[in-house]
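The chain contents come next:
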2 protein chains.
Amino acid sequence: MASARRIPQATVSRLPLYLRVLGEAALETGTISSEMLAARAGVNAAQVRKDLSYLGSYGTRGVGYEVGYLVREINRRLGLDADRRVAIVGAGNLGQALASYGGFPARGFHVVAAFDADPAKVGGLVGGAVVQPSAVMLEVLVDKGVDIAIITTPASAAQAVADTLIAAGVACILNFAPVSLSVPDHVILRQVDLGIEMQILSFYQHRVAARA
Amino acid sequence: MASARRIPQATVSRLPLYLRVLGEAALETGTISSEMLAARAGVNAAQVRKDLSYLGSYGTRGVGYEVGYLVREINRRLGLDADRRVAIVGAGNLGQALASYGGFPARGFHVVAAFDADPAKVGGLVGGAVVQPSAVMLEVLVDKGVDIAIITTPASAAQAVADTLIAAGVACILNFAPVSLSVPDHVILRQVDLGIEMQILSFYQHRVAARA
């Protein structure tokens, strides 16, 4: 690979954002300036140019970047052109919301398994997968060859779920349970705390209220 | 206020993370070292010490920081000791998941209104609020004095919802719809894209798979 410069973590985090902006822009235009892309993504233009340089894309002065090329290149670098087998553990509202979140199948994420500890939820559907009881999780994960697991259980259950996922060889975990998980070094763990954004917003609202 | 140093945006973003770690630590210990706090929060210890210095908290050499003090101080700075009136627009799975997400009431967030364009959802409950039709949104928002609104509608409806929120004087918006919104400068908008974390995870999974 000629352009296999190692992409910094912060750049990786911004690529999905650019991808969304580019997807919207593609409906209007074939090329986009770094300034326009920056404004819509909420970052500065120099940052955009630097990030995109890691993709081997430098744009054309006075014209900008070709939208279609960037979309394909970001998709390729993020591995969104490959199919991933996803399991959702926790078939409550959040698990359901994620499974039906627009764009999962289009980005290659296929929900192939779902689990819940609640017998009342077993047999239901989550994103096309039939909910199975926690007792069979280990064997089903192995059997389906799950690549990525999403934890949407209550906090109290999350570590035990993570341990089972790891025992089944799942190396990528996205955790929505509001608790810090311990995983071995080889496991890639991303943590999303839905409450955190509310707390950040609270800080700014607090400041607005104090001014008023 | 003696300690009203302006807190940088990046520090604000990490305070809720420290708060979660401290909440867990409080069950075990009365003091915590910056190294321990850093390890559990997934940042480095120098960063933790710098962030906490904005709270006027410098810890004690060989002892660390007092957990209870830090929790109170972060709560106060984030404005989590005040009550906020929250509206949820979009009563689907995601709206339901957010409304029942652990810790909202404990942090002072009270869901006082919920709306949906779907007549089948009107009259249902979201976090204790009765779902009302979109047609009455403007007057209900004003009437209830909503501080913060959460948008969990499909992408296609989100901008119109934001326009109504702004017309009603709501100055803080948390948007979960996967679309970039335009808002006036005085409005504080935070964007959460649930798909973005999956795409970031995809990048790392892709690399793991390429290695194997």
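For the structure itself, look to the data block above.
No experiment lies behind these values; they were computed from the predicted model shown. (Residues numbered from 1 in each chain as written. Chains lettered and ligands numbered in written order. Predicted model: local features only at pLDDT ≥ 70, side-chain atom pairs only at ≥ 80, totals over all residues. Heavy atoms only, no water.)

1. Here's the deal with the sheet that holds strand S9 (residues 188-191) of chain B
Residues and elements named next belong to chain B.
- An order of S5-S6-S4-S3-S7-S8-S9 is seen for the 7 strands of this open sheet, with the pairing classed as mixed. At either end of the open sheet lies a strand with only one pairing partner, and these are strand S5 (125-126) and S9.
- Direction of pairing for strand S3 (residues 84-89) relative to strand S7 (residues 148-151): parallel, over a ladder of 4 bridges. Paired with isoleucine 88 across the bridge in S7 is isoleucine 150.
- This element, helix H7 (residues 155-167), spans S3, S7 and strand S8 (172-175) of the sheet and lies at about 170° to S7. (Pairing = 2+ DSSP bridges. Helix = DSSP H or I, 4+ residues; strand = E, 2+ residues; numbered from the N terminus. Contact = heavy atoms within 4.5 Å. Axes fitted to C-alpha atoms, helices over the stretch in contact; angles between N-to-C directions.)

2. As for the sheet that holds strand S9 (residues 188-191) of chain A
Residues and elements named next belong to chain A.
- Read across the sheet, 7 strands follow the order S5-S6-S4-S3-S7-S8-S9 without closing on themselves; strand pairing throughout is mixed. Pairing within the sheet leaves two strands with one partner each, and these edge strands are strand S5 (125-126) and S9.
- Sheet analysis places strand S8 (residues 172-175) next to S9, joined by 4 bridges and oriented parallel. Within S9, the residue paired with leucine 174 across the bridge is arginine 190.
- The strands touched by helix H7 (residues 155-167) are strand S3 (84-89), strand S7 (148-151) and S8; relative to S7, the strand with the most contacts, the crossing angle is about 170°.

3. Regarding the interface of chain A and chain B
- Chain A puts 59 residues into the contact, and the matching count from chain B is 59 residues.
- Here chain A and chain B share an interface that buries about 5,600 Å² over both sides, 65% of which is from carbon and sulfur atoms.
- Measuring nitrogen to oxygen at the nearest pair gives 2.7 Å for the salt bridge that ties arginine 190 of chain B to glutamate 197 of chain A.
- For the interface between chain A and chain B, the tally reads 14 residue pairs in polar contact (both at pLDDT 80 or more).
- Among the secondary structure elements, those contributing two or more residues to the side of chain A that touches chain B are helix H1 (9-25), helix H4 (67-77), S3, helix H5 (93-99), S7, S8, S9 and helix H8 (194-211) of chain A.
- When residues in the side of chain A that touches chain B are grouped by element, the largest group, 15 residues, is from H8 of chain A.
- Here the residues of the side of chain A that touches chain B sort into 34 nonpolar, 12 polar and 13 charged. (Buried area = accessible area lost by both parts, 1.4 Å probe. Salt bridge = Lys/Arg side-chain N within 4 Å of Asp/Glu carboxyl O. Polar contact = N/O pair within 3.5 Å; in protein donor to acceptor, adjacent residues only side chain to side chain. Nonpolar A, V, L, I, M, F, W, Y, C, P; charged D, E, K, R; others polar.)

Shape descriptors only; they carry no functional weight alone.
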